[in-house]
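Okay, here's what each chain looks like letter by letter:
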Amino acid sequence: MGGDPGGTTDTEQAMARTFDLPSGRSFAISGTARVSAHAPDQEVDRWLGRPDPPVTNSSGRLPGDLAARSSSALDGDPTTFWSPALGPQVGNWISVNLAHPVTLDHWTMQVVADGQHSVPTRLGIKVDNRPDVIVDVPPVADQAKQDATVSVPISIPASVGPITATSKIVVTIDAVRAVQTLGELSKQQTTLPVGIAELGIPGVTVPAAGTSVPAGCRT
């Protein structure tokens, strides 16, 4: 009984059983609570003790994978990464709420390139609701190791010059080098998601998660 961390829908969301006892007896009850794989990224970060309001958000993450949250692209750990769902990758986005102004000129992003993830080739950078600035991602060669990350330089075009964001940055996948696989159920070719290990925006990170989950009742 309970939510399935693997991402599937629980087939029995409530349980009611009645039975007769031969005599009076005493009982105790206990249970284990797990974070639902369907919980939104920002809610999971709150439950893990990260400050509110959250720093990051995204268009979505790989279903059933709690580690694929948007905050994984800003935690300073290249072994964790944000991944959207399977299927077309163009249009997926990750956003960052800023605590202070940030000037974007050139920086280093880390992407997963292991032959099992699609790789971004072009990004749209939106700051403070202004029109997107389109930037090209240099070619990235796949590595042999699973979940291997590669550092790639990202630069704002000289014709645009450095741009300053005061409140929000949104990075949108504008084009990818697609890696495909055969769907288990559909038996059709489907595009594997990208993996962004670190956005690499200077001075922008998420605070470390708490060492314990805050106590108290929740809905």
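Residues numbered from 1 in each chain as written. Predicted model: local features only at pLDDT ≥ 70, side-chain atom pairs only at ≥ 80, totals over all residues. Heavy atoms only, no water.

Colleague: When you look at empty space enclosed by the protein in this model, what are you seeing that I'm missing?
Modeller: Any space left empty among the atoms is revealed by the rolling of a water-sized probe across them. On inspection of all chains with the given rule, the structure shows one cavity of 30 Å³ or more. Counted as a void, the largest cavity has a volume near 50 Å³. Within the lining of the largest cavity, the residues separate by chemical class into five nonpolar, two polar and two charged. (1 Å grid on protein atoms, 1.4 Å probe; cavity = no way out; pocket = protein on both sides within 12 Å on 5 of 7 lines; lining within 4 Å. Points joined across faces, edges and corners; volume = space filled by probe spheres on them. Nonpolar A, V, L, I, M, F, W, Y, C, P; charged D, E, K, R; others polar.)

Colleague: Would you explain the sheet that holds strand β7 (residues 149-155) in this entry?
Modeller: Backbone hydrogen bonds hold the strands of a sheet together, and the pairing may be parallel or antiparallel. As summarised here, the arrangement of the three strands in space is β7-β4-β12, forming an open sheet in which the pairing is antiparallel. Of all strands in the sheet, those bounded by a partner on one side alone are β7 and β12 (196-198). Sheet twist, expressed as the mean angle between neighbouring strand axes with direction ignored, is 40 degrees. Bridge analysis of strand β4 (residues 106-112) against β12 gives two bridges, and the strand direction is antiparallel. Residue pairing in the sheet places Gln110 in a bridge with Glu198 of β12. (Pairing = 2+ DSSP bridges. Helix = DSSP H or I, 4+ residues; strand = E, 2+ residues; numbered from the N terminus. Axes fitted to C-alpha atoms, helices over the stretch in contact; angles between N-to-C directions.)

Colleague: I would appreciate a short explanation of the pairing of β7 in the present structure.
Modeller: Only one face of β7 is covered, namely the one carrying Val150, Val152 and Ile154; the face carrying Thr149, Ser151, Pro153 and Ser155 has none of its residues buried. Examined bridge by bridge, β4 and β7 share seven bridges and lie antiparallel to one another. Within β7, the position partnered with Met109 by the bridge is Val152. (Buried < 20%, exposed > 50% of the residue type's maximum accessible area, 1.4 Å probe, protein only.)

Colleague: Hey, could you run me through the pattern of salt bridges in this one?
Modeller: Any two side chains of opposite charge can pair, given that their charged atoms come close. Summed over the entire model, instances satisfying the criterion amount to seven salt bridges. Measuring nitrogen to oxygen at the nearest pair gives 2.5 Å for the salt bridge that ties Arg46 to Glu43. One end of the pair is Arg46 and the other is Glu43, both in helix α1 (residues 41-47) and three residues apart, which spans about a single turn. Overall, Arg46 belongs to the partly exposed group, its relative accessible area being 28%. Between Asp142 and Arg177 there is a salt bridge whose closest N-O contact spans 3.0 Å. Placement of Asp142 in the loop between β6 (133-136) and β7 and of Arg177 in strand β9 (residues 168-177) is noted, with a sequence separation of 35 residues between them. The class of Asp142 is partly exposed, set by a relative accessible area of 35%. Residue class for Arg177 comes out partly exposed when judged on its relative accessible area of 29%. (Salt bridge = Lys/Arg side-chain N within 4 Å of Asp/Glu carboxyl O.)

Nothing here speaks to function; it is geometry throughout.
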